[in-house]
Amino acid sequence: MADQAGRQIDTVMQESRLFPPRPSFSDKARIKSLAEYEALWNEAATDPAKFWGDMAREELHWFEPFTKSLNWNEPFAEWFVGGKTNASYNCLDAHLEAGQGDRVALLWEGEPGDTRRLTYTELHREVCKFANCLKTLGIGEGDVVSIYMPMVPELAIAMLACARIGAVHSVIFAGFSAEAIADRNNDAQAKVQITADGAWRRGNILPLKETVDAALVKSPSVKHCIVLDRVNEAIEMKVGRDYWWHELMDAASDDCPAAPLDSEAPLYILYTSGSTGKPKGIKHTTAGYNLFAKKTFQWVFDHRAEDIFWCTADCGWVTGHSYVVYGPLSAGATCLMYEGAPNFPAEDRFWELVEKYRVSVFYTAPTAIRAFIKWGDEHVEKHDLSSLRLLGTVGEGINPEAWMWYHNKIGGERCPIVDTWWQTETGGIMMSPLPGAIPTKPGSCTKPLPGIIPEIVDESGKPVGKNQGGWLTISHPWPGMLRGIWGDNERYQEVYWSKVPGKYLAGDNARCDEDGYYWIMGRIDDVLNVSGHRLSTIEIESALVSHPNVAEAAAVGRPDDLKGEAVAVFVTLKNVEPTEELRNALKQHVRKEIGALAQPDDIRFTNALPKTRSGKIMRRLLKDIAAGKETVGDTTTLEDYTVLANLREEE
Ligand code: PRX
């Protein structure tokens, strides 16, 4: 990138649709108007440490009050210095004390259709008991507990039990390999592994315990393994190492007061892939993270007591940490949790669940939305979705046409859509519409939340102008920010704080338009450089997705002698056969939508795109394929290796 110092990214996107919140929504919202949002944002920006400090006093329970809001010794932040609190207390005991113990905390449905329902009192009891089980295995403050489980209530219970006694959880998504588990366990020096005999996935059983057995051979720090009986599989239990969850629970007391923990006591580690090399263990701590998850949940999802909130993310990702567990439960919300696949037993499973549980706020990922579009509207139309009042997305940019489909077909044109931009590292939502206050534009995450100060800069760190693409940075520390990479302060400094002095570098490109709306343009590493113009992946992809036959698209640069890079796109189609005619039509379509510059040179049709296990398109791999190169770098996060193999065969 050094040879392009100071260069900006050209925007070619033309999107001018604007959707103001309906008065009937705004009237009842927590933040009711743009003016109210702006006042709050300005107040926070004047003195962020004071703003968050005042809020922390109000929103969290303090065993001991903090003496200072923020110690900032770049790049190391300490929030709410000297205070003592407990995230499990804030999620559970606080509601019991307020007389809200009978409220439903979790509604759960398993993939086979079994159901459970836990009130705050019941959840509290389970968490206390399981915390005592961990204690009997010698787990205490600062010990790392590795969790590899299906989306069952016990996953949330295990997380909250760790938080209760000051143990640090490291949740590993239950699709990762034994190798990936062992790497993470070793990096974190985990002492206990929690898993299940198996997990349901599209009617089949994933043998979780078998995978864990293979991982534990290579994880010498792990001394014990607790196994939940989820699928009734015959599994091997290693005497002296393995314990059944239910047997430990039967013997456990339900009395376990929450430990008063330092504000900066580590709460969890969550591994996220870097573009190369070994995964990074992102470290989050107690008070700041807890406050940020709670407050952003309340603001963005405009939480009301009567809501049934459904975040479809797995707790193996940060979205599950912040918006299945810590955010909603701190706010006393009722959450739906679903174990299985969206297309099992049929493609309407999600809509069946929305109808059955009368879900009012629904939060999912663009990759899922694009799949729903591909599967066809008939699955949606079978169900009554009138309970929905608010929709959200996270994880990738949403192409404007997918946004419109979500708005029309799922939201019945009445639900605001919150397109939330954030990262594992940020701990919670950073930019998003506040649904009662900020008019939305399809494809834009709109504006920063109060207390968040973004700035777009060029490669020399200078702010760029309106509508000019550049690096997205954050100017002031915020409570939910990562506190480091587990065991690697140098890498933390290098990745996030070394390229732009004094600012957090998010690793995404973005632009800010004339109305102060932010548009994420993709990862910095994914930029295309065509004839000296730097183009963003999402803009080309969105132009393709706006064609009626295109379900999904990924754009990458391929080396080209003349242009520097040529535009190569990979396209999946909606129920039509690929033809040469369609290929030409798509080229013309992009040319018409965004201009000749971005017209694809190569279009490859494919049945599926390579994605991470959390559903993000892995453009890095496509780039190698487009260039006819071997795949280099880390492929352990790839969801389905056959997709890559097929793409290579199709070459
Ligand atoms: O590139 C951005 C993209 O996902 C990255 C963060 O990924 P992860 O740490 O896995 O966390 C995902 C859940 C928060 C970001 O750097 N991303 C996330 N949300 C959006 C997005 N890109 C565009 N628009 C979004 N709303």
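Being a predicted model, the structure only gives us computed values, none of them experimental.

What counts and how
Residues numbered from 1 in each chain as written. Predicted model: local features only at pLDDT ≥ 70, side-chain atom pairs only at ≥ 80, totals over all residues. Heavy atoms only, no water. Helix = DSSP H or I, 4+ residues; strand = E, 2+ residues; numbered from the N terminus. Rg over C-alpha atoms; globule rule 2.2 N^0.38 Å. Buried < 20%, exposed > 50% of the residue type's maximum accessible area, 1.4 Å probe, protein only. Contact = heavy atoms within 4.5 Å. Areas by Shrake-Rupley, 256 points an atom, 1.4 Å probe, with all protein chains shown as cover. Lys, Arg positive; Asp, Glu negative; His and termini not counted. Charge placed at Lys NZ, Arg CZ, Asp CG, Glu CD. UniProt positions renumbered as here; feature names shortened; annotations may be inferred. 1 Å grid on protein atoms, 1.4 Å probe; cavity = no way out; pocket = protein on both sides within 12 Å on 5 of 7 lines; lining within 4 Å. Domains from an automatic or database assignment. Buried area = accessible area lost by both parts, 1.4 Å probe. Salt bridge = Lys/Arg side-chain N within 4 Å of Asp/Glu carboxyl O. Polar contact = N/O pair within 3.5 Å; in protein donor to acceptor, adjacent residues only side chain to side chain. Near = heavy atom within 4 Å.

Within the chain, the secondary structure is distributed over 20 helices and 30 strands. Relative to a compact globule of 651 residues, whose C-alpha radius of gyration would be 26 Å, the chain shows 24 Å and is just as compact. C-alpha extents for the chain along the principal axes are approximately 70 × 55 × 50 Å. Burial analysis of the chain (651 residues in total) assigns 63% to the buried set. Considering only intrachain contacts with a sequence separation of at least 6, the fraction spanning at least 24 residues in the chain is 71%. Summed over all atoms, the accessible surface of the chain reaches about 23,600 Å², with 49% contributed by carbon and sulfur. Of the charged side chains in the chain, 69 are positive and 91 negative, and the gap between their average positions amounts to 2 Å.

Our focus in this paragraph is the UniProt feature "binding site: ATP" (unreviewed entry) in the chain. As recorded in UniProt, the feature "binding site: ATP" (unreviewed entry) lies at G395, E396, G397, D419, T420, W421, W422, Q423, T424, D508, R523 and R534. These annotated residues cover 140 residues of sequence, and their C-alpha atoms sit far apart, with the largest distance between any two at 26.7 Å. Lining the largest cavity, out of the annotated residues just given, are G397. Mapped onto the secondary structure, G397 falls in the loop between β19 (390–393) and α15 (400–410). Exposure remark for G397: the relative accessible area of 29% places this residue in the partly exposed category. Leave out the neighbours within four places in its chain, and G397 touches P366, R370 and I538.

Turning our eyes to something else, we now look at the domain arrangement of the chain. For the chain, the domain assignment lists domain 1 (23–509) and domain 2 (527–649). If you average the C-alpha positions of domain 1 and of domain 2, the two centres end up 31 Å apart. If you look at the interface, domain 1 gives 20 residues, while domain 2 gives 25 residues. Between domain 1 and domain 2, roughly 1,800 Å² of surface is buried when both sides are summed, and carbon and sulfur atoms account for 53% of that area. Here domain 1 is connected to domain 2 by two salt bridges. Residues R534 and E459 are paired through a salt bridge, measuring 2.9 Å at the closest nitrogen-oxygen approach. Joining domain 1 to domain 2, the criterion identifies seven residue pairs in polar contact (both at pLDDT 80 or more).

What follows is about the site of the ligand. The environment of the ligand is formed by 16 residues, the closest being D419, T420, T424, D508 and R523. Interatomic distance of 3.1 Å between a backbone N/O atom of G395 and an oxygen atom of the ligand. Between the ligand and T420 there is a distance of 2.7 Å, counted from a nitrogen atom to a backbone nitrogen or oxygen. Against a free-state accessible area of 540 Å², the protein chains account for coverage of 89% of the ligand. Put simply, the parts of the chain that give the shell around the ligand at least two residues each are α11 (318–330) and β25 (518–523).

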